[in-house]
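If you want the building blocks of each chain, they are given just below.
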Amino acid sequence: MKSFVHVHARSVNEATELLAAYKGEAKLNAGGTDLLAVLKDRILPDYPKAIINIKSIPGLNTLYEEEDGVVVGALTTLTDLIKHLAQSYPLLKEAAMAVASPQIRNIATIGGNLCQDTRCWYYRYPDEIGGRLNCFRKGGRTCPAVAGENRYHAIMGGKQCYAVCPSDTAIALTALGATLRIAGTKGTRTLSIEEFFTPLGNVLASDEMITAIYIPKPSAAARQNFLKFTLRKPIDFGIVSAASLMTLEKGVCTAARIVLGAVAPTPVRALKAEEFLRGKEVTEETAAEAAALALEGAKPLSKNTYKLEIAKTLVKRVVNGS
Ligand SMILES: Cc1cc2nc3c(=O)[nH]c(=O)nc-3n(C[C@H](O)[C@H](O)[C@H](O)COP(=O)(O)OP(=O)(O)OC[C@H]3O[C@@H](n4cnc5c(N)ncnc54)[C@H](O)[C@@H]3O)c2cc1C
């Protein structure tokens, strides 16, 4: 274990000032369910000089109603999220329930779930076995998954790195049209969740953190669905997931948001499928056509073509509600 400074931040200001002072060489610790494993396994390209505990910041674990939605503090645990938002946001509840185990959900925070590091087995390859594997994400020149074991990797959107976004709540929050509240030393900003993820992580500057997530309230008539395909039932990251927020009038779709997870380095909105469904009756046939459009342009790697059919099936089911 390498030595590092550990600070209990008492305010968002203190946390962001510390992040700025360490110039990218500090890490925030929320629940620690991902960060501690990443540190112990020496995954990061550079070991941080400081760990800033943000669980000591009061008020960041609260949920409250605001205008036409709910504000969820970044330190809200997934268990609390499930407890308080199950009724209005069943889609988010399903996604949060699909994360890990009850013990992890009791500790893991929504902010940490969005910012967790990728699970790619090349990126997380232990140094102890055969030496350090420097993939593109760790500063290397190539992504070993392209010519290697890529069955869990991206089928779309991969360029230099084919690791997929591991966060289940990100998929649900994208379907719900959430916005993130971000604080830094220069002030605060809000950002649509769709602008947050990048192929190698997220857009946070080195002095920034998420403080809260605003989730607009869907209309009472909206149908919400989240499905996740895993190899094991308990505790497993998704092979593919899909979420939908469908507004229907007499069976006809007036608005749709459809999002795919674990198929690309970021959550993927199926814009063509959404556009296609608008004004159409939702049936087995139109749902199947929407699913085909959602996967149009996908380019599977050598060992993950199977993801295509799973993704199409999930999209069809979340659209059709079956
Ligand atoms: C066995 C196991 C199974 C899992 N299965 C799933 C799964 O199926 N689906 C899924 O989605 N996840 C899964 N996870 C991941 C888990 O959900 C995350 O570890 C957890 O959500 C991270 O939350 P945390 O509060 O513990 O974050 P931490 O571990 O404290 O932090 C994670 C990262 O986020 C950063 N961070 C934390 N909070 C903020 C903030 N407010 N602003 C900016 N950066 C921040 C930290 O600096 C760190 O880089 C699994 C984890 C384990 C261990």
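Shown above is the structure to which this text applies.
The structure displayed is predicted, hence computed values, not measured ones.

Enquirer: Honestly, the overall build of the protein in this entry has me stumped. Any pointers?
Expert: Looking only at helices and strands, one finds ten helices and 14 strands in the protein. In terms of C-alpha radius of gyration, the protein reaches 20 Å, essentially the compact-globule figure of 20 Å for 322 residues. In terms of overall dimensions, the protein has C-alpha extents of about 60 × 50 × 35 Å along its principal axes. Here the protein holds 322 residues, and 50% of them are scored as buried. Each charge class in the protein can be summarised by its mean position, and for the 39 positive and 31 negative side chains these summaries are 5 Å apart.

Enquirer: Whenever I open this one, the environment of E274 confuses me. Can you help?
Expert: Within the secondary structure, E274 is located in helix α8 (residues 271-277). Taking the relative accessible area as the measure of exposure, E274 reaches 1% and is therefore buried. Filtering out sequence-adjacent residues up to four positions away, E274 remains in contact with A256, R257, I258 and R269. One polar contact links E274 to R269, side chain to side chain, over a distance of 2.5 Å.

Enquirer: What should I look at first to understand the nonpolar core in this one?
Expert: Soluble globular proteins tend to pack their nonpolar side chains together in the buried interior. Counting 38 residues, the largest nonpolar core has L92, L114, L173, I213 and I215 as its most contacted members. Counting residues per element, this core draws most heavily on helix α7 (residues 168-175), which supplies five residues. Not counting residues up to four positions away in its chain, the partners in contact with I213 are V70, V71, V72, I110, L114, L173, A178, T179 and L180. Counting 32 residues, the second-largest nonpolar core is a separate cluster that includes I239, M246, C253 and L295.

Enquirer: Is there a simple way to explain the site of the ligand in this structure?
Expert: In the vicinity of the ligand lie 33 residues, with L28, G32, T33, L35 and T109 positioned nearest. Within the side chain of N113, one N or O atom sits 2.9 Å away from an oxygen atom of the ligand. When the ligand sits alone it has 970 Å² of accessible area, and the protein chains cover 91% of it. If you list the elements that add at least two residues to the shell around the ligand, you get β2 (26-29), α6 (110-115) and β10 (209-216). Top element by residues in the shell around the ligand is α6. It accounts for four residues. When its residues are assigned to classes, the shell around the ligand shows 17 nonpolar, ten polar and six charged.

Enquirer: Can you help me understand the layout of surface pockets in this one?
Expert: Leftover empty space is mapped by rolling, across the atoms, a probe with the size of a water molecule. Space inside the second largest pocket adds up to approximately 460 Å³. Every residue lining the second largest pocket is counted, 24 residues in all, and those nearest its centre are R119, Y152, V164, F237 and G238. When the residues that make up the lining of the second largest pocket are grouped by side-chain class, the tally is 14 nonpolar, six polar and four charged.

Enquirer: Would you take a moment to explain the pattern of salt bridges for this structure?
Expert: Side chains that differ in sign of charge can pair as their charged atoms come close. On inspection of all chains with the given rule, the structure shows 19 salt bridges. Across the pair D168 and K228 runs a salt bridge whose closest N-O atoms are separated by 2.5 Å. Taken together, the residues span a long stretch of sequence, with D168 in helix α7 and K228 in strand β11 (residues 222-229) at a distance of 60 residues. What makes K228 buried here is its relative accessible area of 17%. The salt bridge involving K312 is made with E309; its shortest N-O contact spans 3.7 Å. Here E309 and K312 lie together in helix α10 (residues 306-320), a separation of three residues that amounts to about one turn. A relative accessible area of 27% places K312 in the partly exposed class. It is possible to trace a salt-bridge network through shared partners that takes in E194, R257, R269 and E274.

Enquirer: Please clarify how the pairing of β11 should be interpreted in this entry.
Expert: Where a strand is regular, its side chains alternate between the two sheet faces. Burial along β11 is one-sided: A222, Q224, F226 and K228 are buried, while R223, N225, L227 and F229, pointing the other way, are not. With eight bridges connecting them, β11 and strand β12 (residues 240-249) associate as antiparallel partners. Across the sheet, residue L227 finds its bridge partner in β12, namely A242.

Enquirer: Which parts of the structure should I look at to understand the packing of helix α4 (residues 90-97) against α7?
Expert: Packed helix pairs are specified by the crossing angle of their axes together with the interaxial distance, meaning the distance between the axes. It is at 8 Å that the axes of α4 and α7 come closest, and there the two elements cross at 170°. Compared by their axis directions, α4 and α7 come out roughly antiparallel. Within the contact between the two elements, α4 uses L91, L92, A95 and A96 and α7 uses D168, T169, A172, L173 and A175.

Enquirer: Explanation requested: a nonpolar patch on the surface in the structure shown.
Expert: On the surface, W121, Y152, F229, L231 and Y306 cluster together into a nonpolar patch covering about 450 Å² of accessible area. Mapped onto the secondary structure, F229 falls in strand β11. For F229, a relative accessible area of 34% corresponds to the partly exposed category.

Enquirer: What's the story with the sheet that holds β11 in this structure? I'm lost.
Expert: The strands making up a sheet are joined through hydrogen bonds of the backbone, oriented either antiparallel or parallel. Pairing is antiparallel across the open sheet formed by four strands, whose spatial order is β11-β12-β13-β14. Each end of this open sheet is capped by a strand with a single partner; those strands are β11 and β14 (268-269). α4 contacts β11 and β12 of the sheet and is inclined by roughly 15° relative to β11.

Reading the values: the criteria
Residues numbered from 1 in each chain as written. Predicted model: local features only at pLDDT ≥ 70, side-chain atom pairs only at ≥ 80, totals over all residues. Heavy atoms only, no water. Helix = DSSP H or I, 4+ residues; strand = E, 2+ residues; numbered from the N terminus. Rg over C-alpha atoms; globule rule 2.2 N^0.38 Å. Buried < 20%, exposed > 50% of the residue type's maximum accessible area, 1.4 Å probe, protein only. Lys, Arg positive; Asp, Glu negative; His and termini not counted. Charge placed at Lys NZ, Arg CZ, Asp CG, Glu CD. Contact = heavy atoms within 4.5 Å. Polar contact = N/O pair within 3.5 Å; in protein donor to acceptor, adjacent residues only side chain to side chain. Core = buried A, V, L, I, M, F, W, Y, C linked by side-chain atoms within 4.5 Å. Near = heavy atom within 4 Å. Areas by Shrake-Rupley, 256 points an atom, 1.4 Å probe, with all protein chains shown as cover. Nonpolar A, V, L, I, M, F, W, Y, C, P; charged D, E, K, R; others polar. 1 Å grid on protein atoms, 1.4 Å probe; cavity = no way out; pocket = protein on both sides within 12 Å on 5 of 7 lines; lining within 4 Å. Points joined across faces, edges and corners; volume = space filled by probe spheres on them. Salt bridge = Lys/Arg side-chain N within 4 Å of Asp/Glu carboxyl O. Pairing = 2+ DSSP bridges. Axes fitted to C-alpha atoms, helices over the stretch in contact; angles between N-to-C directions. Parallel < 35°, antiparallel > 145°, perpendicular 65-115°, else oblique. Patch = residues over 30% accessible without salt bridge, like charges linked within 9 Å, V, L, I, M, F, W, Y side chains within 5 Å.

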